[in-house]
Amino acid sequence: MFKLKKHSGGPVLSPAKNLDWEKEGVFNPGVIKDGEEIIMLYRAVGERESYISRLGLAKSRDGINFERVSNDPVFGPGEFFDHWSTEDPRIVKIDNEFLITYVAVADRIMKNGRSILRPLPLETASALLKTKDFSNFEKVGIISPAGSDNKDVVIFPRKIRGRYAMLHRPNRWSKEWFSSSYEKFVDEGLPCPVERLPDQPSVWLAWSDNLKNWTDHKLLIWPEHHLDEKVGAGLPPIETSDGWLLIYHHVSRNWNTGAFIYTARVALADLDNPNRLIAKIPYDILAPDMPYETNGEIKVVFPTGGFVQGDVLHVYYGASDRYVCLATGSLSELLTELKKYKI
């Protein structure tokens, strides 16, 4: 059985109490290694009243000790489609340009610290940024399908057969949505008939020629156990000699308390045709069991960034929606374990 090993020193980034825009939480970071520098773009929350998220920037040479580049956020709400929040960045680099996907929230999330009552559940979308320096950002805009309530968009770090590829998690592309009282309001733009949708929110793969328009959506990873609630992409795919390493988050529910439990799992996809899964481990490789990962009823490890150095896989994750943490493991050992669970 393969398990990632958590950094013995605990979180590698904690909220800075002297910074109003991040004092309540820093978590779910995009992380990429560029040369000898490790770049972290992290989600930050400074208040719980309306729960607005901004993005901060930190850098490191050793992957453990990070220094904030600025006392101010480097990116935040500013457009009609992300007016209330910019969340959960993921980073890849293609052709000397960094591509950053993030969750864009157009409507207010909370009021007086409570979720707002609305006729439909809060809808999110995912947007794309381009940058070369993490100071100046080109806003490409929304790239997720309209009306899909879409999170967890990650782009593959290179073109495949001349096209860009991405993973995404459309909450409304599920039978769960169409069995609810809301489905009559939103039922267009589906990639297949309702009866062929997964039971619950799942990971889909899509293709693009220009990074803006995405088509050819195919279901890739879905919940398979009766206690599962949903799955979603985590890190951007990591290229290995055996295939694309897909580390994703897996959500189950504690039926005694009703609380969600977020863990990390892993699958392997074909290098030339990532629509084809090669293997998938049926258990968690990372789960919340430390005090900083289990804050009250919130039990979360949420992988969003990382890299491979030598044979060491580095996975950065958000813990209990409050901290940035690190877990590591042997890439070769993980690939060997994956081969036991070929599909």
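Look above for the structure.
Heads up: these notes are all about the structure in this document. Here the structure is a predicted model, which is why all the values come from computation and not from measurement.

### Here we look at the overall build of the protein chain
Right, so step 1: Scanning the protein chain for helices and strands turns up 2 helices and 24 strands.
Right, so step 2: Against the compact-globule benchmark of 20 Å for 343 residues, the protein chain has a radius of gyration of 19 Å, which places it among compact chains.
Right, so step 3: With the principal axes as the frame, the protein chain shows a C-alpha extent of 50 × 50 × 45 Å.
Right, so step 4: A burial count over the protein chain gives 56% of its 343 residues as buried.
Right, so step 5: In the protein chain, 55% of the contacts between residues at least 6 apart in sequence involve partners at least 24 apart.
Right, so step 6: In the form shown here, the protein chain has an accessible surface area of approximately 14800 Å², with 47% of it arising from carbon and sulfur atoms.
Right, so step 7: Distance between charge centroids for the protein chain: 1 Å, based on 43 positive and 46 negative side chains.

### Comments concerning the layout of surface pockets
Right, so step 1: Reported here for the largest pocket is a volume of approximately 1400 Å³.
Right, so step 2: What lines the largest pocket is a set of 38 residues, and nearest its centre among them are Lys-151, Lys-230, Phe-260, Tyr-262 and Asp-321.
Right, so step 3: When residues of the lining of the largest pocket are traced back to their parent elements, those giving at least two are β2 (25–34), β6 (85–94), β12 (150–155), α1 (175–178), β16 (228–233), β18 (243–253), β19 (260–269) and β22 (298–309).
Right, so step 4: Class assignment for the residues of the lining of the largest pocket results in 15 nonpolar, 6 polar and 17 charged.
Right, so step 5: If you trace the second largest pocket, you find 16 residues lining it, with Ile-32, Val-92, Pro-157, Pro-237 and Gly-306 closest to the centre.
Right, so step 6: At the level of secondary structure, the elements contributing two or more residues to the lining of the second largest pocket comprise β2, β6, β17 (238–240) and β22.
Right, so step 7: Per element, the largest residue contribution to the lining of the second largest pocket is 4 residues, and it comes from β2.
Right, so step 8: In terms of residue class, the lining of the second largest pocket is built from 11 nonpolar, 1 polar and 4 charged.

### Overview of helix α2 (residues 331–338)
Right, so step 1: When we look at burial in α2, the residues that qualify are Leu-331, Leu-334, Leu-335, Glu-337 and Leu-338. All buried residues of α2 lie within an arc of 160° about the axis, which places them on one face of the element.

About the thresholds
- Residues numbered from 1 in each chain as written.
- Predicted model: local features only at pLDDT ≥ 70, side-chain atom pairs only at ≥ 80, totals over all residues.
- Heavy atoms only, no water.
- Helix = DSSP H or I, 4+ residues; strand = E, 2+ residues; numbered from the N terminus.
- Rg over C-alpha atoms; globule rule 2.2 N^0.38 Å.
- Buried < 20%, exposed > 50% of the residue type's maximum accessible area, 1.4 Å probe, protein only.
- Contact = heavy atoms within 4.5 Å.
- Areas by Shrake-Rupley, 256 points an atom, 1.4 Å probe, with all protein chains shown as cover.
- Lys, Arg positive; Asp, Glu negative; His and termini not counted.
- Charge placed at Lys NZ, Arg CZ, Asp CG, Glu CD.
- 1 Å grid on protein atoms, 1.4 Å probe; cavity = no way out; pocket = protein on both sides within 12 Å on 5 of 7 lines; lining within 4 Å.
- Points joined across faces, edges and corners; volume = space filled by probe spheres on them.
- Nonpolar A, V, L, I, M, F, W, Y, C, P; charged D, E, K, R; others polar.
- Arc of directions from axis to C-beta.

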